[in-house]
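Spelled out, the chains give:
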Amino acid sequence: MSANALIVQKFGGSSLATMEHVRRVAERVARDRQRGCRLVVVVSAMGDATDDLLELLGQLNARPVAREVDMLLATGEQASAALMASALQALGCSAVSLTGWQAGVATDSVHRKASIVRIDTSRILRELEDGRVVIVAGFQGLSADAEITTLGRGGSDTTAVALAAALKADSCEIYSDVDGVYTADPRVVPDARRLPLISYEEMMEMAHLGAQVLQIRAVECALLNRVTIVAKSTFTEGPGTCITEVDAVEERALARAVAQERDVAKLALMGVADRPGVAHRVFAALAEAHVNVDMIIQSQPRDGLNDIAFTVSRDELPSAEEMARAAGRELGAAAVVAEQGYGKVSLVGAGMASNPGVAARMFGALASAGVNIEMISTSEIKISCLVRAQHVDHAARALHAAFGLGQQAALGRA
Ligand code: ADP
Ligand code: ASP
Ligand code: MG
């Protein structure tokens, strides 16, 4: 990396849990600055600050208005940014903190799930020109009608990648408490292995399927703008994981990794008419309310009726249930059932499409582990199974072992 390189670095909540952590991150940033790099540093809220703010809000209002949630949550990242800038200044390193909107991050107006539409980099470039390290509060922006928005949980990753793209940075480094992307969540699967390289597509699936190490939107943004992301650990040295073009990934693995997710809820409309427009009535209302529907199953019709079941994340259950009940009433459903306590376990690998035996092997591994599968969904590069939440970790370990993902020469190769 040349001395004058422009680097975007992002430090997540797990790297900023205490003042001691903030100081250590500041020391690391100051070291890179001393080498001559120009630095834009994106920070998340400290530790569990976002969850804590949500909890406080919940004590006052069970269904807060999304605009006010954004007003509140954006403060978490702003606090981190000012603390980080001050820690750097105390080390004699010139720095300035900027909110998302001071940094020029313009978004659409979908509160709590806003998308970045444009970044005006002029202020950041001016600050860099003046020799400052620019600390940007992640996860936030400003809509066209001057409302503060946030980018969805884990959204600081997206701030970092979008800034790297807009600034044409030489490198985009995302630091957390793990030293890269693993073949499974290392907190759940002890023999998970760090992947030196992973394709955008596989990483996107993993993020979508619950591997929180990177936000899905961040990977999408990286793919669109051809930004190579390097995922690294804040507190240890090492090469990390490169998330990059598929051609650079030498082998298309049959199974590259396992991802898991808890907090899934299932909704079912029982006994609705088997005719055109029924599914549209249900899912159009959910889409309009920005509820992300994941797996969908429609049963075989019997006597002109069928059942439609689908999953959403537990957070979205209250609004999804309200809408499913309204649709159920209108469509004359025999019953609408809402159930929590589910999770999802998935196998990801770009070589899967051309290997028909993978699903059978996956179901066999889950059967041997005594895990019942309640729904299945597949794409070219993943197979997901809905299971009871208490079986998720056990199922992830069973799949990781069955496909030999912990070994360097994985059995799971195509
Ligand atoms: P940050 O607070 O820095 O944004 P996150 O908590 O969002 O960090 O992401 C890091 C966490 O992601 C790790 O602690 C790890 O438990 C979890 N994780 C889940 N799946 C994976 C995976 N496949 N590889 C690495 N980490 C993973
Ligand atoms: N603080 C936000 C969250 O907890 C954003 C982020 O960490 O990236 O989701
Ligand atoms: Mg994160």
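The following paragraphs examine the structure supplied in this document.

Procedures and definitions
- Residues numbered from 1 in each chain as written.
- Chains lettered and ligands numbered in written order.
- Predicted model: local features only at pLDDT ≥ 70, side-chain atom pairs only at ≥ 80, totals over all residues.
- Heavy atoms only, no water.
- Near = heavy atom within 4 Å.
- Polar contact = N/O pair within 3.5 Å; in protein donor to acceptor, adjacent residues only side chain to side chain.
- Areas by Shrake-Rupley, 256 points an atom, 1.4 Å probe, with all protein chains shown as cover.
- Nonpolar A, V, L, I, M, F, W, Y, C, P; charged D, E, K, R; others polar.
- Disulfide = S-S within 2.5 Å.
- Buried < 20%, exposed > 50% of the residue type's maximum accessible area, 1.4 Å probe, protein only.
- Salt bridge = Lys/Arg side-chain N within 4 Å of Asp/Glu carboxyl O.
- Helix = DSSP H or I, 4+ residues; strand = E, 2+ residues; numbered from the N terminus.
- Arc of directions from axis to C-beta.
- Contact = heavy atoms within 4.5 Å.
- Pairing = 2+ DSSP bridges.
- Axes fitted to C-alpha atoms, helices over the stretch in contact; angles between N-to-C directions.
- Core = buried A, V, L, I, M, F, W, Y, C linked by side-chain atoms within 4.5 Å.

## Considerations on the site of ligand 2
The environment of ligand 2 is formed by Ser44, Ala45, Thr50, Glu77, Phe139, Arg153, Gly154, Gly155 and Ser156. Side-chain polar atom of Arg153 to an oxygen atom of ligand 2: 2.7 Å apart, as the coordinates give it. Notes on ligand 2: free accessible area 260 Å², of which the protein chains cover 86%. Looking at the shell around ligand 2 residue by residue, the classes come out as two nonpolar, five polar and two charged.

## A look at the state of the cysteines
A full pass over the atoms with the stated rule returns zero disulfides. Cys221 provides the cysteine sulfur closest to Cys172, a residue in no disulfide bond, and the two sulfurs are 8.8 Å apart. For Cys172, a relative accessible area of 1% puts it in the buried group.

## Regarding the pattern of salt bridges
Evaluated as defined, the whole model comprises 24 salt bridges. Close ionic contact of Lys10 with Asp157 constitutes a salt bridge, the shortest N to O distance being 2.6 Å. One end of the pair, Lys10, is in strand S1 (residues 6-11); the other, Asp157, is in helix H5 (residues 156-167), with 147 residues separating them in the sequence. Accessibility expressed as a relative area gives 3% for Asp157, which makes it buried. The residue Arg28 makes a salt bridge to Glu237 at a minimum N-O spacing of 3.8 Å. Here Arg28 is found in helix H1 (residues 19-34), whereas its partner Glu237 is found in the loop between strand S11 (229-233) and strand S12 (241-244), with 209 residues between them in sequence. Taken together, the shared-partner salt bridges in this structure form one network comprising Arg123, Glu127, Asp130 and Arg132.

## Observations regarding helix H8 (residues 278-288)
Burial in H8 covers these residues: Val278, Val282, Phe283 and Leu286. Looking straight down H8, one finds that the buried residues subtend no more than 100 degrees of arc, so they occupy a single side. Exposed and facing more than 90 degrees away from the buried side of H8 are His280 and Glu288. Contacts made by the buried residues of H8 are with strand S13 (257-273), strand S14 (296-298), strand S15 (305-313) and helix H9 (317-331). Downstream of H8 by one or two residues, His290 has phi in the positive range, about 60 degrees.

## Structural notes on the sheet that holds strand S3 (residues 95-98)
Strands sit in the order S3-S6-S2-S1-S9-S11-S12-S10 across an open sheet of eight strands; the sheet is mixed. Edge positions in the sheet fall to S3 and strand S10 (197-199), since each of these pairs with one other strand and no more. Averaged over all pairs of adjacent strands, the angle between strand axes in this sheet comes to 20 degrees, irrespective of strand direction. As paired strands, strand S2 (residues 38-43) and strand S6 (residues 133-137) are joined by four bridges and run parallel to one another. The residue of S6 that forms the bridge with Val42 is Val136.

## Observations regarding the sheet that holds strand S17 (residues 375-379)
Ordered in space as S14-S15-S13-S16-S18-S17, the six strands form an open sheet in which the pairing is antiparallel. Lying at the two open borders of the sheet, with one neighbouring strand each, are S14 and S17. In this sheet, adjacent strand axes meet at a mean angle of 25 degrees when their direction is disregarded. Note that S14 and S15 share three bridges and pair antiparallel. By the bridge assignment for S15, Gln298 is matched with Ile308. The sheet contacts of helix H11 (residues 392-402) involve S13, strand S16 (335-348) and strand S18 (382-388), and relative to S13 the element is tilted by about 120 degrees.

## So, the nonpolar core
Residues Val40, Ile124, Val161 and Ile243 are the most contacted members of the largest nonpolar core, which totals 44 residues. It is H5 that contributes the most residues to this core, seven residues altogether. Setting aside its immediate chain neighbours within four residues, Val161 contacts Cys172, Ile174, Ala218, Cys221, Ala222, Val227 and Ile229. In this structure, Ala184, Met352, Val358 and Val392 belong to the second largest nonpolar core, which totals 25 residues.

## Details of the site of ligand 1
As a matter of local geometry, ligand 1 sits amid 19 residues, with Ser14, Asp177, Tyr182, Asp185 and Arg187 nearest to it. Interatomic distance of 3.3 Å between a backbone N/O atom of Gly13 and an oxygen atom of ligand 1. Starting from 570 Å² of accessible surface for ligand 1 in isolation, the protein chains cover 90%. Tallied by class, residues from the shell around ligand 1 come to nine nonpolar, six polar and four charged.

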